[in-house]
Amino acid sequence: MSLEQLIYDCRNNDTKAQEQLYKLFSPKLFSVCLKYSRNYAEAEDNLQDGFLIIFAKISQFTFKGSFEGWAKRIMVNNVLQKYRGTTVFEIINDNIAEEEEIEIDDENVTLDFLLKIIQELPDRYRLVFNLYVMDGYSHKEIAEMLEITTGTTKSNLARAKMILKEKIEAQSGSGNFTVAK
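Note that this is a predicted model, so its numbers are computed, not measured. (Residues numbered from 1 in each chain as written. Predicted model: local features only at pLDDT ≥ 70, side-chain atom pairs only at ≥ 80, totals over all residues. Heavy atoms only, no water.)

Asker: Can you tell me about the pattern of salt bridges, naming the residues and giving the values?
Answerer: Close approach of charged atoms allows side chains with opposite charge to pair. One pass over the structure, following the stated rule, counts eleven salt bridges. Across the pair Lys23 and Glu19 runs a salt bridge whose closest N-O atoms are separated by 3.3 Å. With a gap of four residues between them, Lys23 and Glu19 both fall in helix H2 (residues 15-36), about one helical turn apart. Owing to a relative accessible area of 58%, Lys23 belongs among the exposed residues under this scheme. Of the charged contacts in the structure, one is a salt bridge between Asp123 and Arg126, with a shortest N-O distance of 3.1 Å. With Asp123 and Arg126 both in helix H6 (residues 123-134), this residue pair falls three residues apart, about one helical turn. Arg126 shares its class with Asp123; the two are buried. Look at the salt bridges and you will find they share partners, linking Arg38, Glu42, Asp123 and Arg126 into a network. (Salt bridge = Lys/Arg side-chain N within 4 Å of Asp/Glu carboxyl O. Helix = DSSP H or I, 4+ residues; strand = E, 2+ residues; numbered from the N terminus. Buried < 20%, exposed > 50% of the residue type's maximum accessible area, 1.4 Å probe, protein only.)

What follows is the structure, encoded as structure tokens:
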């Protein structure tokens, strides 16, 4: 069955089609949820909630662009909605230094370690870091998505990078870690 037919069947509340669509997209969408969630269990909950929204809004998908991209936006917005309007975001410092690029030249720092320390970031830093660094949103777009100022996004990103730098330096013995401007 084609993806287009699957989507049409889901629009008609066909549970078998919904199950198929879930099996097809849940691995990719779970990685999105995991990136923005505090832990594995929360990511699982966010995935389930996100799919409920996808199935409720699937008639709004117009077949312009990819279904995966549309579903990913729903997942990201679902997770972010839980943080909107909370005091999770704050301006750390109005005088934000130029953004620093972090280069890791240490084979002892694994991808699993990097994912773990990103996930350990406080919510406000993790969300901004992932939106900016991992997904390429601009500070203006992030500010609109999270209903905060661009100054807040910039300060939260700077703080996230500083925390990650400290954790990586501690892991690698601070010998092979460089920061370039």
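Asker: Mind laying out the packing of H6 against helix H7 (residues 139-146), listing which residues take part and the relevant values?
Answerer: Running from N to C, H6 and H7 point in directions that differ by 140°, and their axes come no closer than 10 Å. As judged from the angle between their axes, H6 and H7 are oblique. Like other packed secondary-structure pairs, H6 and H7 cross with a definite hand, here right-handed. Residues Val128, Leu131 and Tyr132 of H6 form the contact with H7, whose participating residues are His139, Ile142, Met145 and Leu146. Considered class by class, the residues forming the contact of H6 with H7 number six nonpolar, one polar and no charged. (Axes fitted to C-alpha atoms, helices over the stretch in contact; angles between N-to-C directions. Parallel < 35°, antiparallel > 145°, perpendicular 65-115°, else oblique. Left-handed = near helix turned anticlockwise from the far one by under 90°. Contact = heavy atoms within 4.5 Å. Nonpolar A, V, L, I, M, F, W, Y, C, P; charged D, E, K, R; others polar.)

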